[in-house]
Amino acid sequence: MKKLLVIFAIAASATVATANDSSSGCGLGWEVFKETSLVSSLLRSTTNAVASNTIAMTLGTSGCAKHSIVDNKMESLHYAEANFHNLMVEMAQGQGQFVEAFAQTLGCQGAEKEFSSEIQKNYATISAASSSPANMLTSVQREVANNASLSLNCRI
Amino acid sequence: MRKHWYFLFLTLLISQTLLTSQISFAQNQKDIFLEELANSNQWRRLLHYKKTNPFTKKEHSQIDSKEYFIHPDGKSNPLSELKATIEAFQNPLAKHESKTIQHPQCAFPARLEFLEHHFTFPRITCTELDEWFKGLNVQSVYLVFSTAYPNNPASTFGHTFLRLSLSDNRSDLLDYAINFSADTFNVTSGLYYTLMGMFGGFKGYYSLEKYYLKVNDYNNQESRDLWEYKLDFSQQEIQTLLKHFWELYSNAHIDYYFMDENCSYHLLTLLEVAKPHWNISEPFHHPWIPSYTMPSDTVKETLKFSPNFTTEFKHSKRKKLIQKRDALTSEEKDVFYKVLSHKIDIKTITNPFLLDTLIEYYDYKKRENKIALDSEDQKFLSQILVQRSSLGLTPPRVLKDLDTSNRPDLSHGSASVGLITGLRDGYGNMGFKYKFGLHDLLDGNLGFDPYTHIDYFNFDILYSFHSKNLYIDKAKYIDIKSINVYDPIEWKWSWRILLQSESLESSLCEGCYKHYGLGGFGAAYEIINKKLLLYGYLLAKAQYSKALTKEFQIGPALESGLLLTLTPKLKSQIKFLAFDNLNNSSLTTLYKTYEIDLGYQVSQSWHLRLSTLINPKPINSLNTYYDSSFLIRYDY
């Protein structure tokens, strides 16, 4: 039994100025995640992650992109999708917490500085290919594979 | 011969009675044990039981999904739930259906851990649970507080969630967050959102997600700071925490009440299951009394039980942008603003730090715009980024320290009680002040974002030595000053709302009141190195009072103030309010008042305030000429 509250003041202030924020959580609802396997609902990325992520980002209700805990192959893709804008900035700057974590998702733990520096050198090429987060990731992976030292140090 | 039969019969009877009484004694013992177990703190915590009625012993679970309970009466009968759980655990073929179908032992691993101290159950393999655990090598648990987001009342007081730090030596960004929040079906603002959120219209769920999503949302999207408090958790306690999270994730939803059972509250009920000696949710549980679970208060309460905490600070994007902009030399600043207005050829700029600042600006602008820049700005940003990438790393530059004074556990108490003594038009009074919340411009800065001014439900009860009456002198329902200090980087309106009732108590008019509200927009400027703040609002005011000749008054108003921050604890303010009652038949007589205040925050718990209100031309004898008061306030 919940109590009645005086709401007019709060409602008034609510209607005066409201904007989106992410504290209300995942805006896409549980319908998206009603899957057969609990692990897959908790772990997997939604297959339309790129689309839903973009929509969610546009609405300002991000937080829906689930991730894989055990499936490491998807980790770098989910990361690229969720942090696309941060990465486009930090890859150009050759340093930053987001590009370093990106390196780690690509198996380059220990070689983050080398990774960031190499990616910065090839930024123009990567940027031209970055029409989507997935394409950006492919471009980055190509640069890593083409670099003798990085392809040794990174276990993609 | 008959004697033998008789003797045999008697022996059988006695031994049968002894056996039955032993069995029933054992049965009694077992029943008593089960009852004790069902009423134990830990079992009730696992079920999220709370007393619903402060007078009777009635209690039920705060969890609203039926899938969380094995017994149909499990939500209100802990003993039935206990018996049903034990029975289900003992049955290798049992199935529990919620988000998926798993054996009850796998659906409720924290309950299993608890009951295995007293019972043995058949070993069941939980493939999904085990797979999940494999990826979660958690070494520490953090309670994280995100600072206020002023444009959404649901986030005015911040938000809390947990960070699970992994032992893999990788970036914080790759850790996990546990969050409790409402599923609002894509509704994110407005009256519907507010009403549904207040009255349990939304369902709340616990979720686990990558930490970078949180850093992105709070630091980058919304320009809010994150304060991370590392809690004292042993490895065993972490396991229990994760097991209970699994139970909640798999089976639970809780009707979301923004006021008391909000995001912060339900983190506490989760943490408590792993920490039997912590008592952190009960202080926020008040059946039948309206109360608000303030996120910063939940942080303070938790830290009482984890006093050896350490903190980490993650700054907002806006703070970083301002920091970089302030570190530009005056020549660099010239170029910076020139670029903003004319978009000069970016290839002419080879200064990495200047380019970084420009990048920071456009990226910030993009987030403010919901991750979309108009195509011209976006193209320009891409050009800046390519140009920047050709210049290597930025040479280090001395930057001014970021403002970290908004750490929530350092704030003064959110509610308060105080003693007033005052002088009004020559007559003395004494009284009592109660404040539900929260913080105004004269309160101590520590623990809040600068220039926060949000007060609600403040009441002053005075005893007048003149009229010998005890009465409610002032009731302030809501008082908000949103102060957005002017910065050339972007324009943000400041806004104001006030709803208040004031007494017109005098010997001529007992029990007389005026009720008014005002609201509008304005601006604020910092001068003299942030020591002085000048603000002003253009408002509409409406007032009703049976006691005044003009019962209903409406018109424009102007409110302006000058705030002097002598120290973060000592502030002084001069305020001016002018109101033009359009309902006045005579020539416009502006109703003007001046206010001078001095506030001193002695500590987190004590505050002193001196206030004087002056009305140089009282319209009639019911309005005071001057009103001075001194307040000693206890913040808790």
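Residues numbered from 1 in each chain as written. Chains lettered and ligands numbered in written order. Predicted model: local features only at pLDDT ≥ 70, side-chain atom pairs only at ≥ 80, totals over all residues. Heavy atoms only, no water.

S.K.: So what exactly am I meant to see when it comes to the overall build of chain B here?
M.R.: When helices and strands are tallied, chain B shows 15 helices and 23 strands. By its C-alpha atoms, chain B is 125 × 80 × 40 Å across when sized along the principal axes. Counting over 636 residues, chain B shows a buried share of 54%. For chain B, the proportion of contacts with a sequence separation of at least 24, taken over those separated by at least 6, is 63%. Entry remark: accessible area of chain B is about 29,100 Å², with carbon and sulfur atoms responsible for 59%. Computed over 70 positive and 71 negative side-chain charges, the inter-centroid distance for chain B is 1 Å. (Helix = DSSP H or I, 4+ residues; strand = E, 2+ residues; numbered from the N terminus. Buried < 20%, exposed > 50% of the residue type's maximum accessible area, 1.4 Å probe, protein only. Contact = heavy atoms within 4.5 Å. Areas by Shrake-Rupley, 256 points an atom, 1.4 Å probe, with all protein chains shown as cover. Lys, Arg positive; Asp, Glu negative; His and termini not counted. Charge placed at Lys NZ, Arg CZ, Asp CG, Glu CD.)

S.K.: Where do I start with unusual backbone geometry in this structure?
M.R.: Note: most residues except glycine have negative phi, and most peptide bonds are trans. All names here are of chain B. Of note, the amide linkage connecting Gly437 to Leu438 takes the cis form, showing an omega dihedral of -5°. Mapped onto the elements, Leu438 comes out in strand S13 (residues 427-439). For His48, which is not glycine, the phi torsion reads 60° and is therefore positive. Tracing the backbone shows His48 in the loop between helix H2 (41-46) and strand S1 (49-51). With relative accessibility at 3%, the residue His48 sits in the buried group. Of note in this structure, Asn169 is not a glycine but carries a positive phi near 60°. You can call Asn169 exposed: its relative accessible area is 71%.

S.K.: Looking at this structure, I do not really get the confidence of the model for chain A. What am I missing?
M.R.: In low-pLDDT regions, the fine details of the predicted coordinates are not to be read closely. Averaged over every residue, the pLDDT of chain A is 66; the share at 70 or more is 53%. For the stretch residues 1-70 of chain A, pLDDT sits under 50, and the model shows 170 contacts to residues farther than four places along the chain or on other chains. (pLDDT = per-residue confidence, 0-100.)

S.K.: Explanation requested: the pattern of salt bridges in the structure shown.
M.R.: Pairing is possible between side chains that carry opposite charge, provided their charged atoms lie close to one another. Residue and element names in this part refer to chain B. Applying the stated criterion across every chain, the model contains 51 salt bridges over all chains. Where Asp64 meets Lys75, a salt bridge forms, and the shortest distance between an N and an O atom there is 3.0 Å. With a gap of 11 residues between them, Asp64 in the loop between strand S2 (59-61) and helix H3 (78-90) and Lys75 in the loop between S2 and H3 connect regions that are remote in the sequence. Since its relative accessible area comes to 30%, Asp64 is described here as partly exposed. Residues Arg325 and Asp487 are paired through a salt bridge, measuring 2.8 Å at the closest nitrogen-oxygen approach. In this pair, Arg325 sits in helix H12 (residues 317-326) while Asp487 sits in the loop between strand S15 (469-482) and strand S16 (494-503), placing the two residues 162 residues apart along the sequence. When salt bridges with common partners are traced through the structure, they connect Asp455, Lys476, Asp479, Arg496, Glu559, Lys575 and Glu595 into a single cluster. (Salt bridge = Lys/Arg side-chain N within 4 Å of Asp/Glu carboxyl O.)

S.K.: Which parts of the structure should I look at to understand the pairing of strand S8 (residues 202-210) of chain B?
M.R.: Looking down a regular strand, the side chains alternate between one sheet face and the other. All names here are of chain B. The element S8 is largely enclosed, with a buried count of 8 among its 9 residues. Pairing analysis gives 8 bridges linking strand S7 (residues 176-183) to S8, with the strands arranged antiparallel. Looking at the pairing, Ala177 lines up with Glu209 of S8. (Pairing = 2+ DSSP bridges.)

S.K.: Honestly, the sheet that holds S7 of chain B in this entry has me stumped. Any pointers?
M.R.: One key point about sheets: their strands pair by backbone hydrogen bonds, in either a parallel or an antiparallel sense. Residue and element names in this part refer to chain B. One open sheet accounts for 7 strands, arranged S10-S8-S7-S6-S5-S9-S11; its pairing is antiparallel. Each edge of the open sheet is held by one strand with a lone partner, namely strand S10 (254-256) and strand S11 (310-314). Sheet twist, expressed as the mean angle between neighbouring strand axes with direction ignored, is 35°. Where strand S9 (residues 226-230) lies against S11, 5 bridges are found, and the strand directions are antiparallel. Bridge pairing links Lys230 to Thr310 in S11. (Axes fitted to C-alpha atoms, helices over the stretch in contact; angles between N-to-C directions.)

S.K.: Can you walk me through helix H7 (residues 112-121) of chain A in this structure?
M.R.: The α-helix advances 3.6 residues per turn, and as a result positions three or four apart in sequence lie on the same side. Within H7 of chain A, the full set of buried residues consists of Glu112, Phe115, Ser116, Glu118, Ile119 and Gln120 of chain A. Buried residues in H7 of chain A make contact with helix H5 (84-93), helix H6 (97-105), helix H8 (123-129), helix H9 (133-146) and helix H10 (148-153) of chain A together with helix H15 (375-389) of chain B.

S.K.: How should I be thinking about the packing of helix H14 (residues 352-368) of chain B against H15 of chain B in this particular structure?
M.R.: Angle between the axes and distance between the axes are the two parameters that describe a pair of packed helices. Residue and element names in this part refer to chain B. Relative orientation of the contacting elements H14 and H15 amounts to 150°, with a least axis distance of 10 Å. When the interaxial angle is binned, H14 and H15 end up roughly antiparallel. The hand of the H14/H15 crossing is left-handed. In contact with Pro352, Leu355, Asp356, Leu358, Ile359, Tyr362, Lys365 and Lys366 of H14, H15 contributes Asp377, Gln378, Phe380, Leu381, Ile384, Leu385, Gln387 and Arg388. (Parallel < 35°, antiparallel > 145°, perpendicular 65-115°, else oblique. Left-handed = near helix turned anticlockwise from the far one by under 90°.)

S.K.: For this particular structure, what's the right way to read the state of the cysteines?
M.R.: Working definition of a disulfide: a covalent bond connecting the sulfur atoms of two cysteines. Following the criterion strictly, the structure yields 2 disulfides over all chains and no others. A sulfur-sulfur distance of 1.9 Å marks the disulfide that ties Cys108 of chain A to Cys154 of chain A. Disulfide Cys108 of chain A-Cys154 of chain A: torsion about the S-S bond near 115°, hence right-handed. Of this pair, Cys108 of chain A sits in the loop between H6 and H7 while Cys154 of chain A sits in the segment after H10, placing them 46 residues apart in sequence. Of the two residues examined, Cys108 of chain A and Cys154 of chain A, each falls in the buried class. Here Cys106 of chain B is linked by a disulfide to Cys126 of chain B, with a sulfur-sulfur distance of 2.0 Å. Sign of the S-S torsion, about -80° for the bond between Cys106 of chain B and Cys126 of chain B, identifies this disulfide as left-handed. Taken as a pair, Cys106 of chain B in helix H4 (residues 104-107) and Cys126 of chain B in the loop between helix H5 (109-115) and helix H6 (127-134) lie far apart in primary sequence, 20 residues in all. (Disulfide = S-S within 2.5 Å.)

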